[in-house]
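# Analysis of the macromolecular model
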Amino acid sequence: MNQLNDLDYGTPASESNQTVILEIDGAPVEVPAGTSVMRAAAIAGVNVPKLCATDSLEPFGSCRLCLVEIEGRRGYPASCTTPCEPGMRVRTQSPKLAELRRGTMELYISDHPLDCLTCPTNGNCELQDMAGVVGLREVRYGYEGKNHFDAAKDESNPYFTYDPSKCIVCNRCVRACEETQGTFALTISGRGFESRVTAGQAESFMESECVSCGACVQACPTATLTEKTVIMMGQAEHSVVTTCAYCGVGCSFKAEMKGNEVVRMVPNKDGHANHGHSCVKGRFAWGYATHKDRITKPMIRSRITDPWREVSWEEALSYAAGEFRRIQARHGKDSIGGITSSRCTNEETYLVQKLVRAAFGNNNVDTCARVCHSPTGYGLKQTLGESAGTQSFDSVMKADVIMVIGANPASAHPVFASQMKRRLRQGARLIVVDPRATEMVKSPHAAATHHLKLLPGTNVAIINALAHVVLNEGLHDAGYVADRCDTKSFEDWKNFVLRPENSPEATASITGVPAAELRAAARLYATAGNGAIYYGLGVTEHAQGSTMVMGIANLAMVTGNVGREGVGVNPLRGQNNVQGSCDMGSFPHELPGYRHISDTTVRSEFEGAWNVTLSPEPGLRIPNMFDAALEGSFMGLYCEGEDIVQSDPNTQHVTAALSAMECIVVQDIFLNETAKYAHVFLPGSSFLEKDGTFTNAERRISRVRKVMPPLGGKSDWEVTVALAEALGYPMPYSHPSEIMDEIARLTPTFHGVSYDKLDRLGSLQWPCNDEAPEGTPTMHIDRFVRGKGRFIITQFFASPEKVTPRYPLILTTGRILSQYNVGAQTRRTDNNLWHAEDRLEIHPQDAEERGIADDHWVGIESRAGQTVLRATVTDKVQPGVVYTTFHFPESGANVITTDSSDWATNCPEYKVTAVQVMPVTQPSQWQQQYSEFNERQLRLAAAAEERHVLVSK
């Protein structure tokens with residue numbers, strides 16, 4: 001876990017099942033057919049010199065440093081571009097090869113600044129290494145000739161520097177941008193001696209299409225592209241492998257360290273989810289962990305109008321426990337509850353739900369995962385028998401047609417989007433079902449064959465129409481259905497789907513999608529081979545979210561697209577541990593492993609392990625907590641790592657409920673919007689300060705490893721343990737590994753999970769148990785978890801949110817690449833340079849009708865409230881639809897979203913809100929009130945810190 005540099009084999013591994021045997025420097029080597037001579041040599045322990053080659057990119061053969069001799073072949077072929085052949089005899093060292101390599105290095109060095117001692121990559125520079133390897137001792141050409149030493153640096157990007165004077169034009173950065181990222185933002189401009197890497201059309205990096213994923217920086221063998229943190233801090237001295245705490249891709253990183261300080265985050269080439277790739281957030285936006293806004297001292301106050309008072313951990317925990325006991329004594333056992341977060345580890349969320357059930361004595365526990373993906377759990381459980389996605393991310397490389405519904409992976413899951421786009425460049429076809437023209441609809445060298453530009457709220461009508469075409473035209477897999485699925489449910493569903501009202505022609509007036517386009521998309525999905533469906537919050541965050549998930553499962557089953565690689569039903573989880581927080585029993589009706597609290601057998605198992613009697617009655621969901629608070633029966637809340645004020649719908653309803661509570665305990669790293677309504681603040685820890693695991697969107701459990709001590713003195717799991725003990729319920733853990741051991745004992749799908757196994761294998765995909773000791777990449781291979789796949793009738797009902805003359809437009813929401821969720825992390829980084837505010841996208845036609853121009857301030861009014869944003873006039877949205885993000889609290893995006901929600905899970909309908917948009921000249925009343933409240937709360941927090949400084953003096 002502490003190795004800084006990985007072995008680079010020079011070229012990618014061959015996937016061939018056949019092998020060839022050759023001889024390298026007199027020793028036999030057996031390798032897969034198609035392996036390059038360079039890689040074969042590395043496997044044999046012989047490292048051929050190289051500069052343009054790296055095993056994350058296809059061979060290029062430009063640097064001429066990796067020349068070898070092959071018996072019977074003329075000349076000196078490049079080992080990176082020469083495939084191994086049976087019986088081939090290769091020499092990697094000879095006097096002639098040494099002469100050629102030194103000559104090549106002389107040419108490179110003659111136009112390279114000789115500032116190695118002061119260069120930021122000194123000690124970690126491949127050019128420097130290769131000069132030593134080839135034995136360069138002189139440069140016969142001198143250094144006085146024409147050179148690039150005066151080339152101006154590009155410092156525009158906040159995270160890395162481009163110094164063209166050190167560029168050797170190896171093309172690795174250009175190839176990384178093309179092959180790995182798929183953005184095609186870099187090119188080689190000029191010819192001959194004038195050749196240099198340029199971004200865009202000779203633009204700066206910030207002006208170009210560059211998305212700052214870091215692939216170019218990672219690929220660069222010199223100091224041409226260098227992280228500014230490395231320039232400032234120097235080279236790291238050790239590294240620790242951990243897992244990114246942003247989106248649901250779950251990228252593995254090496255945190256490269258100097259002592260307890262992070263120098264840089266480098267994507268781990270052995271990472272099973274990301275394979276050495278990254279995005280701007282995970283690669284660069286980690287500085288929030290040591291931001292000056294971090295609150296590192298526990299604080300308490302009696303009322304939210306009082307100044308905060310910094311106290312010891314003991315006093316804060318004793319006060320919180322005392323308040324919770326007081327509230328229960330006065331209002332009853334069910335008057336308090338807890339909220340877990342998808343940003344916390346599995347172990348932490350497990351402890352919070354255990355605290356609520358065992359120490360609070362009720363089941364009032366819920367999670368932010370319910371407000372995004374609970375319909376996934378419900379819908380897939382009903383149809384397939386397991387409440388999670390069916391595939392690994394790598395499965396997409398075997399898909400022939402990909403359908404993306406209500407998701408924009410390019411912004412929300414960018415590393416997976418790069419892999420998906422790689423498959424599209426190889427020839428897979430793409431269908432996008434989305435109200436907006438997202439980046440997935442058209443990107444460099446990848447475009448959707450069909451874009452079903454539906455109206456928000458009509459998902460179920462679309463999925464029924466797609467299924468109608470499949471069945472009506474006989475495109476379904478009858479053998480698969482007969483063998484794998486429940487016959488009675490299929491016949492009932494078939495009769496429903498084939499009704500005339502579900503035809504594309506009948507639904508076109510509802511969805512806005514032309515019948516011919518929909519029919520073509522259905523035929524493509526059903527007949528192109530392996531069909532994979534990926535979906536996001538544009539599916540789940542609807543009044544019919546659960547219905548739509550079941551509709552997707554219906555369509556996948558009827559076409560035989562479940563149970564092998566390249567197919568499947570794949571929810572793209574938004575946050576780093578959405579899957580895990582659900583797995584860990586964070587719902588009021590389910591214990592870990594999705595087992596109902598009313599099940600006597602299951603409950604008794606937990607009672608025996610926890611030494612308590614558990615309530616068999618499901619507790620309150622978050623919306624029920626709010627309603628009960630306003631009624632006076634729910635008065636205390638423990639909220640770990642979640643910002644419900646900013647992220648939950650109908651903000652004014654949320655804040656009214658919090659204001660009615662008597663004790664709110666918030667555990668977080670910043671004074672977030674919810675903490676401003678709190679009475680106890682317990683300092684949280686960032687992912688860099690904790691041990692544990694995250695579970696990503698493909699059910700992959702990965703280790704999170706502590707790289708620096710918690711700034712507040714305690715990791716999050718230790719805080720929950722201490723609170724439980726203050727309440728009189730001991731939790732005697734000494735390390736998170738012991739918590740995972742308990743999870744494994746009590747959760748069937750986790751029975752085989754342990755830290756030792758994770759350390760050995762790198763990661764595991766659940767189910768991991770006796771039947772699958774090393775995990776399950778693909779679910780439902782021979783049979784569905786529930787036995788026979790169940791088709792469920794998915795009747796379309798229009799959203800309760802209706803457009804009217806007063807509210808004639810539909811607002812839908814989403815994310816942007818540079819920001820994350822409520823923005824608490826990314827807003828405290830230089831990512832703000834790309835996206836410094838939430839904006840309202842509006843179609844030119846709607847803008848013209850209202851006298852709105854680009855950059856104008858506009859008021860957005862719904863039935864729930866009003867806010868003001870700056871307008872972006874764009875045809876990305878269709879007429880009648882407006883769109884915004886929710887990353888900045890002052891924007892008040894959720895002030896206008898209503899409390900309409902999914903019928904089965906209460907997942908809020910963020911994606912459909914009827915609004916009116918008009919030009920305005922001042923902030924909304926809510927924004928003015930928010931500004932005053934925010935300033936007052938920041939002053940109250942600052943007063944606590946000032947008092948602490950005075951006392952300490």
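Above this text sits the structure in question.
These figures come from a predicted structure and were not determined experimentally. (Residues numbered from 1 in each chain as written. Predicted model: local features only at pLDDT ≥ 70, side-chain atom pairs only at ≥ 80, totals over all residues. Heavy atoms only, no water.)

Quick look at helix H17 (residues 515-527) now. End to end, H17 covers 18 Å across 13 residues, agreeing with the expected 18 Å (1.5 Å per residue, within 8%). Phi for Gly529, located one or two positions after H17, is positive at around 115 degrees. (Helix = DSSP H or I, 4+ residues; strand = E, 2+ residues; numbered from the N terminus. Expected span 1.5 Å × (residues − 1).)

Another point: the layout of surface pockets. Considered as a void within the structure, the second largest pocket measures approximately 830 Å³ in volume. Residue assignment for the lining of the second largest pocket shows that the elements contributing at least two residues are helix H11 (409-412), helix H12 (414-425), strand E18 (442-443) and strand E32 (839-842). Examining the composition of the lining of the second largest pocket, we find that 3 residues originate from one element, H12, more than from any other. Grouping the amino acids of the lining of the second largest pocket by side-chain chemistry returns 14 nonpolar, 14 polar and 9 charged. (1 Å grid on protein atoms, 1.4 Å probe; cavity = no way out; pocket = protein on both sides within 12 Å on 5 of 7 lines; lining within 4 Å. Points joined across faces, edges and corners; volume = space filled by probe spheres on them. Nonpolar A, V, L, I, M, F, W, Y, C, P; charged D, E, K, R; others polar.)

It is worth spelling out the pairing of strand E10 (residues 252-258) at this point. Where burial is concerned, most of E10 is hidden: 6 out of the 7 residues are buried. Bridging between strand E9 (residues 238-243) and E10 involves 6 bridges; their strand directions are antiparallel. Paired with Thr243 across the strands is Ser252, a residue of E10. Pairing geometry for E10 and strand E11 (residues 261-267), over 6 bridges, is antiparallel. Of the residues in E11, the one forming a bridge with Lys254 is Val266. Joining the antiparallel neighbours E10 and E11 is a turn of 2 residues, in which Gly259 adopts a positive phi near 60 degrees. (Buried < 20%, exposed > 50% of the residue type's maximum accessible area, 1.4 Å probe, protein only. Pairing = 2+ DSSP bridges.)

Tallied over the entire structure, the rule returns 49 salt bridges. For Lys269, the salt bridge goes to Asp55, with nearest N and O atoms at 2.7 Å. One end of the pair, Lys269, is in the loop between E11 and helix H7 (280-284); the other, Asp55, is in the loop between helix H1 (37-43) and strand E3 (69-70), with 214 residues separating them in the sequence. Classification of Lys269 by relative accessible area gives partly exposed; the value is 29%. Asp691 is paired through a salt bridge with Arg703; the nearest N and O atoms lie 4.0 Å apart. A residue pair is termed long-range when its members are at least 10 positions apart, and Asp691 in the loop between strand E27 (680-683) and strand E28 (692-695) and Arg703 in strand E29 (residues 700-704) qualify at 12 residues. Residue classification places Asp691 among the buried residues on the basis of a relative accessible area of 16%. What emerges from the salt-bridge pattern is a single network uniting Glu227, Glu256, Arg264 and Arg283. (Salt bridge = Lys/Arg side-chain N within 4 Å of Asp/Glu carboxyl O.)

Tracing the backbone shows Thr180 in helix H4 (residues 172-181). We classify Thr180 as buried; its relative accessible area is 13%. Discounting residues that sit within four places of it in the chain, Thr180 has contacts with Ser56, Leu57, Arg175, His277, Ser418 and Arg422. (Contact = heavy atoms within 4.5 Å.)

Here we come to the pairing of strand E31 (residues 809-813). By the criterion of burial, E31 is predominantly enclosed, with 5 of the 5 residues buried. Taking every second residue as pointing to the same face, both faces of E31 are buried, with Leu809, Leu811 and Thr813 on one and Ile810 and Thr812 on the other. Taken together, the 3 bridges between E31 and strand E36 (residues 913-919) define a ladder with antiparallel strand orientation. Note that in E36 the partner of Ile810 across the bridge is Ala914. Here E31 pairs with strand E35 (residues 881-884) via 4 bridges, running parallel. In the strand pairing of E35, Thr813 is matched with Thr884.

This part takes up the sheet that holds E9. Pairing in this open sheet of 3 strands is antiparallel, and the strands run E9-E10-E11 from one edge to the other. The open sheet has two edge strands with one neighbour each: E9 and E11. With direction set aside, neighbouring strand axes in the sheet form an average angle of 30 degrees. (Axes fitted to C-alpha atoms, helices over the stretch in contact; angles between N-to-C directions.)

With that out of the way, let us pick up empty space enclosed by the protein. As enumerated under the stated definition, the model contains 10 cavities of 30 Å³ or more in all. If you add up the space inside the largest cavity, you get close to 390 Å³. Every residue lining the largest cavity is counted, 29 residues in all, and those nearest its centre are Gly406, Ala407, Gly538, Thr813 and Lys911. Only helix H18 (537-540) and E31 provide two or more residues apiece to the lining of the largest cavity. Considered class by class, the residues forming the lining of the largest cavity number 11 nonpolar, 13 polar and 5 charged. There is about 280 Å³ of room inside the second largest cavity. Together, 22 residues line the second largest cavity, and Arg343, Gly641, Asp668, Ile669 and Gln825 are the ones closest to its centre. When the residues that make up the lining of the second largest cavity are grouped by side-chain class, the tally is 9 nonpolar, 7 polar and 6 charged.

Enumeration over the complete set of coordinates arrives at 20 aromatic pairs. Through successive ring pairs, a cluster of aromatic residues spans Tyr159, Phe160, Tyr162, Phe205, Phe284 and Trp834. Geometry around Tyr9 places Arg39 over its ring, the cationic atom sitting 4.5 Å from the centre. In this structure, Arg484 is placed above the aromatic ring of Phe784, and the distance from its NZ or CZ to the ring centre is 4.5 Å. (Phe/Tyr/Trp six-rings, centres within 6.5 Å; stacked < 30°, edge-to-face > 60°. Lys NZ or Arg CZ within 6 Å of the ring centre and 35° of its normal.)

This paragraph deals with the state of the cysteines. Considering all chains together, one arrives at 0 disulfides under this definition. Take Cys52: it sits in no disulfide, and the sulfur closest to it among the cysteines is that of Cys63, at 3.8 Å. For Cys52, a relative accessible area of 1% puts it in the buried group. (Disulfide = S-S within 2.5 Å.)

Interaxial distance between H4 and H12 falls to 8 Å at its minimum, and their mutual angle equals 90 degrees. Comparing the axis directions of H4 and H12 gives the class roughly perpendicular. Residue-level contacts link Glu178, Glu179, Thr180 and Gln181 of H4 to Ser418, Lys421, Arg422 and Arg425 of H12. Here the contact of H4 with H12 is composed, by residue class, of no nonpolar, 3 polar and 5 charged. (Parallel < 35°, antiparallel > 145°, perpendicular 65-115°, else oblique.)

Nonpolar side chains in soluble globular proteins tend to end up buried together. Phe160, Phe205, Leu225 and Ile402 are the most contacted members of the largest nonpolar core, which totals 72 residues. It is H12 that contributes the most residues to this core, 5 residues altogether. Beyond its immediate sequence surroundings of up to four residues, Leu225 is in contact with Phe160, Thr161, Tyr162, Cys173, Phe205, Cys216, Val217 and Cys220. In this structure, Phe324, Met584, Val602 and Leu614 belong to the second largest nonpolar core, which totals 62 residues. (Core = buried A, V, L, I, M, F, W, Y, C linked by side-chain atoms within 4.5 Å.)

Another point: the sheet that holds E28. One open sheet holds the 3 strands; their spatial order is E28-E29-E30, and the pairing between them is antiparallel. Every other strand in the sheet has two partners, leaving E28 and strand E30 (763-765) as the edge strands with one partner each. Ignoring strand direction, the axes of neighbouring strands in this sheet form an average angle of 30 degrees. Two elements, E29 and E30, share 3 bridges in a ladder whose sense is antiparallel. Within E30, the position partnered with Ser702 by the bridge is Ser763. In the packing of helix H9 (residues 346-360) onto the sheet, contacts are made with E28 and E29, and the angle to E28 comes to roughly 95 degrees.

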